[in-house]
Structures are given as structure tokens and as C-alpha cells.
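A closer look at the structure
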Amino acid sequence: AIGRLRGSPAAALRALAQLPVDAGSPQPAARWGRGIWQVLAGHTQAAVDGLRGALPGGSGADLSSLGLVAHAYLAYAEYATGSWDAAHATAVDAVHLARLRGRSWQAAPVFAVATCIAAGRGELDRAREYLREAEHSHRLAGLESRRVYPAFAAATLAQAEADYAGMLRAVNPLAESA
């Protein structure tokens, strides 16, 4: 929300820099938000470092909306920085958390990034399963602005299947609505 109010991921990061965010902060939302905006601004290694420290693991995992989205963005940032095994592990954890929490728009980015990672690993059947869940979560939420998650996942899966026309079909609705 800060980025929408400020106009860009960089502006959101400047606004978040005004907030006290340290490792012991009892308010993890600011730390998660900073990590998500770092990904959106292209600062993927900083996002990995920040989100890994901000997200609890194991039984302390956060099932809140922002916690689920932060897990998805951490998996994406790990993948983008070449930490493919870590990205896979984070995506699997995020999928587990999303399934525990139930379907909502917040689950769409989780299943979308899991689709991309599974497709990149050649696990095409699993990627298709995750894509169906991303699309289902998106439909349940009914937020057209969140269509980017399953579209990006569908395009990535199509690329892994060497279906280049499918890549265009996946992203064309985004271009039409822009």
C-alpha cells in the first residue's frame, strides 16, 4: 500500500526507511513490507537477507496475509539470486502454509511462485498442480489486479514446456487490461 501511495517501489522503500526496523522488532510487518518492496525494486539479495531474518520458520511460521505474501516473495528472490534449492524449500513451506490457511488472494502469489520454481526444476506435473491452485485462489478472491500472479506462472510453465504461443496467451490479458 505504501508504494501505491508513494508511486513506486523506490518511493515505498524511502518511506519504509523512516520506520525503525531492527532484528528484534516486535512489528514484523514493516520488515516484511521492506523485503517485498526490495524485491519489487530489483534489490533481490537485500530482500533475501531481510526476509530470511524476518520470517519465522517451523511452528512459528506466520499464517497472516502479509506473512504468506512475504514467503512467496522470499522464494522468488531466492530463485532470482540463484539460490534454487533454498527457493524450492521456501516455496514448499509457503505452499504448506497457504494450504493450512485456506484459499484467498494471498495464496495466489504463493502458488504462482511455486509454479515457476517447479517448472524451472522440470517438475511439470507439480507445476501444473500449483498453477491450478494459483488460478483457483485468484478466482476466489476476484481481484483483477492480482491476475498478474497466475498469468506470470502460466507463462513460465509454458516456457518450460517450449509452448511459446502459450506464453503469449498467458500474458495477453494483462496487456489488454493495462
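See above for the structure.
Residues numbered from 1 in each chain as written. Predicted model: local features only at pLDDT ≥ 70, side-chain atom pairs only at ≥ 80, totals over all residues. Heavy atoms only, no water.

Digging into the packing of aromatic side chains
- A complete count under the given rule lists one aromatic pair for this structure.
- Ring centres of Tyr-76 and Phe-152 lie 6.5 Å apart, and the angle between their planes is 70 degrees; on these two criteria the pair is classed as edge-to-face. Taken together, the residues span a long stretch of sequence, with Tyr-76 in helix H5 (residues 65–80) and Phe-152 in helix H9 (residues 148–160) at a distance of 76 residues. (Phe/Tyr/Trp six-rings, centres within 6.5 Å; stacked < 30°, edge-to-face > 60°. Helix = DSSP H or I, 4+ residues; strand = E, 2+ residues; numbered from the N terminus.)

Examining the packing of H9 against helix H10 (residues 164–177)
- For the pair H9 and H10, interaxial distance at closest approach is 7 Å and the crossing angle is 165 degrees. By the angle class used here, H9 and H10 are roughly antiparallel. Classified by chirality, the crossing of H10 by H9 is left-handed. Contacts between H9 and H10 involve Val-148, Ala-151, Ala-154, Ala-155, Ala-158 and Gln-159 on the former and, on the latter, Gly-166, Met-167, Ala-170, Val-171 and Leu-174.
- Of the residues that constitute the contact of H9 with H10, the class distribution is nine nonpolar, two polar and no charged. (Axes fitted to C-alpha atoms, helices over the stretch in contact; angles between N-to-C directions. Parallel < 35°, antiparallel > 145°, perpendicular 65-115°, else oblique. Left-handed = near helix turned anticlockwise from the far one by under 90°. Contact = heavy atoms within 4.5 Å. Nonpolar A, V, L, I, M, F, W, Y, C, P; charged D, E, K, R; others polar.)

Focus: the packing of helix H7 (residues 107–120) against H9
- Two elements in contact, H7 and H9, have axes whose closest approach is 8 Å; the angle formed by their N-to-C orientations is 10 degrees. Here H7 lies roughly parallel to H9, going by the angle between them. Across the interface between the two elements, Ala-108, Pro-109, Ala-112, Thr-115, Cys-116 and Ala-119 from H7 touch Tyr-149, Pro-150, Phe-152, Ala-153, Thr-156, Leu-157 and Ala-160 from H9.

Here we look at H9
- Its 13 residues give H9 an end-to-end C-alpha distance of 18 Å, which sits within 8% of 18 Å, the value for a rise of 1.5 Å per residue.
- Among all positions in H9, only Tyr-149, Pro-150, Ala-151, Ala-153, Ala-154, Ala-155, Thr-156, Leu-157 and Ala-158 are buried. (Expected span 1.5 Å × (residues − 1). Buried < 20%, exposed > 50% of the residue type's maximum accessible area, 1.4 Å probe, protein only.)

What to know about the side chain of Thr-44
- Summarising the element assignment, Thr-44 is placed in helix H4 (residues 44–54).
- Under the relative-accessibility criterion, Thr-44 is labelled buried at 17%.

Focus: the environment of Arg-128
- Summarising the element assignment, Arg-128 is placed in helix H8 (residues 124–141).
- The spacing of Arg-128 and Ala-158 is 30 residues in sequence and 9.9 Å in space, taken between C-alpha atoms.
- With residues up to four places along the chain from it excluded, the contact list for Arg-128 reads Leu-157 and Glu-161.

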